[in-house]
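Chain residues, written in single-letter form:
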Amino acid sequence: MSLDWIYYAISWILLAWHGAWEAIGVPDAAVLGTNWAWILAIVFLVVTVRVILFPVFVKQIKSQRAMQALQPQVKALQEKHKGDRETLQKEMMELYRKEKANPLMGCLPMVLQIPVFLGLFHVLRRLDPGKSESGKTLYGWTVGQFESASAAKLFTAPIAGKFGSTADELAALNANGTTVKVIAGILVLLMMGTTYLTSRQMILKTGWAEDPQQRMIQKLMLYGIPLSLLVSGAIFPIGVIIYWVINNLSTLAQQQWVLRKFPPPPSATTGKPGTSARNPVQPAKTGLLGRAKPAPQAPAKPATPKVAGPKPGAKPTNPKKGRPAKRQG
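Everything quoted here is computed from the prediction, not taken from an experiment.

1. Brief notes about the overall build of the protein chain
Reasoning step 1: Check the secondary structure of the protein chain and you find 12 helices and two strands.
Reasoning step 2: Traced from its N-terminal end to its C-terminal end, the protein chain shows the element sequence α-α-α-α-α-α-α-β-β-α-α-α-α-α.
Reasoning step 3: When the 329 residues of the protein chain are sorted by exposure, 39% land in the buried category.
Reasoning step 4: For the protein chain, restricting intrachain contacts to residue pairs at least 6 apart in sequence, the fraction spanning at least 24 positions comes to 69%.

2. Comments concerning helix H2 (residues 36–69)
Reasoning step 1: Its 34 residues place the ends of H2 47 Å apart at the C-alpha level, agreeing with the 50 Å of an ideal helix rising 1.5 Å per residue.
Reasoning step 2: Helix geometry: H2 is bent most strongly at leucine 53, by close to 50°, with proline proline 55 lying one to four residues after it.

3. Observations regarding the confidence of the model for the protein chain
Reasoning step 1: Confidence along the protein chain averages 80 in pLDDT terms, with 76% of residues attaining 70 or more.
Reasoning step 2: A low-confidence stretch, residues 268–272 stays under pLDDT 50, and its non-local contacts, those more than four residues away or across chains, total 17 contacts.
Reasoning step 3: This stretch, residues 274–293, has a pLDDT under 50; its non-local contacts, to residues over four places away or in other chains, come to 17 contacts.

4. With respect to the pattern of salt bridges
Reasoning step 1: Enumeration according to the criterion identifies five salt bridges in this entry.
Reasoning step 2: Here lysine 90 makes a salt bridge to glutamate 86, at a shortest N to O gap of 3.7 Å. Highlighted residues: lysine 90 and glutamate 86, both in helix H4 (residues 85–99), separated by four residues, approximately one helical turn. Glutamate 86 matches lysine 90 in its accessibility class, with the two residues each being exposed.

5. Details of the packing of aromatic side chains
Reasoning step 1: By the definition in use, this model includes 13 aromatic pairs.
Reasoning step 2: Each ring, one from tryptophan 141 and one from phenylalanine 146, has its centre 6.4 Å from the other, and the planes form 75°; the classification is edge-to-face. Pair check on accessibility: tryptophan 141 and phenylalanine 146 agree, each one buried.
Reasoning step 3: Through a chain of ring-to-ring contacts, the aromatic side chains of Phe117, Phe121, Phe236 and Trp244 assemble into a single cluster.
Reasoning step 4: Positioned above the aromatic ring of phenylalanine 163 is the side chain of lysine 181, whose terminal nitrogen or guanidinium carbon lies 5.6 Å from the ring centre.

6. Considering empty space enclosed by the protein
Reasoning step 1: This model, assessed by the stated rule, comprises one cavity of 30 Å³ or more.
Reasoning step 2: When its volume is computed, the largest cavity comes out at roughly 30 Å³.
Reasoning step 3: Around the largest cavity, the lining residues are Arg50, Leu53, Phe54, Phe57, Pro109, Gln113 and Gln254.
Reasoning step 4: For the lining of the largest cavity, the leading source of residues is H2, giving four residues.
Reasoning step 5: The class makeup of the residues in the lining of the largest cavity is four nonpolar, two polar and one charged.

7. Observations regarding the nonpolar core
Reasoning step 1: Judged by nonpolar contacts, the single largest core of 49 residues is most densely connected at Trp141, Phe236 and Ile238.
Reasoning step 2: Residue assignment for this core shows that the elements contributing at least two residues are helix H1 (4–23), H2, helix H5 (108–125), helix H7 (143–151), helix H9 (177–206) and helix H11 (238–261).
Reasoning step 3: For this core, the leading source of residues is H2, giving eight residues.
Reasoning step 4: In this view, phenylalanine 236 contacts Phe117, Phe121, Gly161, Lys162, Met191, Leu229, Ile241 and Trp244; residues no more than four positions away in its chain are not counted.
Reasoning step 5: Val74, Leu88, Met92 and Ala101 belong to the second-largest nonpolar core, a separate cluster that totals nine residues.

8. Here we look at the side chain of threonine 195
Reasoning step 1: Mapping threonine 195 onto the fold places it in helix H9.
Reasoning step 2: Threonine 195 sits in the buried class, given a relative accessible area of 5%.
Reasoning step 3: Among residues more than four places away in sequence, those in contact with threonine 195 are Ile225, Pro226, Leu229, Trp244 and Asn248.

9. Brief notes about the packing of H5 against H11
Reasoning step 1: Where H5 contacts H11, the axes come no closer than 9 Å and their chain directions differ by 150°. With respect to each other, H5 and H11 are oriented roughly antiparallel. On H11, the residues touching Gln113, Val116, Phe117, Leu120, Phe121 and Leu124 of H5 are Gly239, Val240, Tyr243, Trp244 and Asn247.
Reasoning step 2: Taken together, the residues of the contact of H5 with H11 sort by class into eight nonpolar, three polar and no charged.

10. A look at the environment of glutamine 73
Reasoning step 1: Along the chain, glutamine 73 turns up in helix H3 (residues 71–80).
Reasoning step 2: On the accessibility criterion, glutamine 73 (39% relative accessible area) is partly exposed.
Reasoning step 3: As a C-alpha pair, glutamine 73 and leucine 95 span 22 residues in sequence and 8.5 Å in three-dimensional space.

Scoring rules and cut-offs
- Residues numbered from 1 in each chain as written.
- Predicted model: local features only at pLDDT ≥ 70, side-chain atom pairs only at ≥ 80, totals over all residues.
- Heavy atoms only, no water.
- Helix = DSSP H or I, 4+ residues; strand = E, 2+ residues; numbered from the N terminus.
- Buried < 20%, exposed > 50% of the residue type's maximum accessible area, 1.4 Å probe, protein only.
- Contact = heavy atoms within 4.5 Å.
- Expected span 1.5 Å × (residues − 1).
- Bend = angle between axes of the 7 residues up to and from the residue.
- pLDDT = per-residue confidence, 0-100.
- Salt bridge = Lys/Arg side-chain N within 4 Å of Asp/Glu carboxyl O.
- Phe/Tyr/Trp six-rings, centres within 6.5 Å; stacked < 30°, edge-to-face > 60°.
- Lys NZ or Arg CZ within 6 Å of the ring centre and 35° of its normal.
- 1 Å grid on protein atoms, 1.4 Å probe; cavity = no way out; pocket = protein on both sides within 12 Å on 5 of 7 lines; lining within 4 Å.
- Points joined across faces, edges and corners; volume = space filled by probe spheres on them.
- Nonpolar A, V, L, I, M, F, W, Y, C, P; charged D, E, K, R; others polar.
- Core = buried A, V, L, I, M, F, W, Y, C linked by side-chain atoms within 4.5 Å.
- Axes fitted to C-alpha atoms, helices over the stretch in contact; angles between N-to-C directions.
- Parallel < 35°, antiparallel > 145°, perpendicular 65-115°, else oblique.

And the structure:
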């Protein structure tokens, strides 16, 4: 299956934003070693994709809430079919189908962004000034746009350069190898850190899943993907890493907004896998004017009546002494 439609779509959005920034006066020439019109075009490519995928992101949050609500039933099924994995999986799939909960929905926004990432990776990897004119005009580019993007830099490092660029590739881009490695290395670390934080934020807010399959996906997203970027980041063009970092930062902001609008249930687990939050704090109820209503007070226990002491000067009384002793017959 040809992916040309993705390359055309990514190129069209990128070029449209670049033209928009040029039209409002952002210079195409480098300022502080950076061609801001191209950097902003990549940033707003992220914005465009996030706006398109926002409904999917909201569905992801709602699906995770549904999965959390089903955790007691999932746990009961695990106890009931302990040792019978096949029956357990069938029962759980039937439960998810009945309650319209999708355990794979948590990965859907990321999966849908893979074509965008691949498209940008392919488009930026082609930015070689030595290409023929026919190669420069692929996917709707003009020769001028291609040459402008090929010369675009972030702090003097070309956006088409990468940490693992060969000497020939660096020479074609007229780039300094040390500068490219420093900028690319910093961006790769930022990419790893923000990827970890996006997964961690979601897990802290929604809790670790009881379902082993779901928990495995959570661990993969939290630890596996950031670690894999340490190796794969060496082959990503700087422009692609910029896209990834900005996308992660926008995800953090978007998650924060959505999690406030759709707060997790009080029973959501937190902390390490297998631990649950005890005595979760219930959200304060608000009145019509937005003021917090005071929590209902527990009824006070009745005070124990005090026994009055003897008056001053009175002889102490002993009820036991006043009773006559019983005679034994």
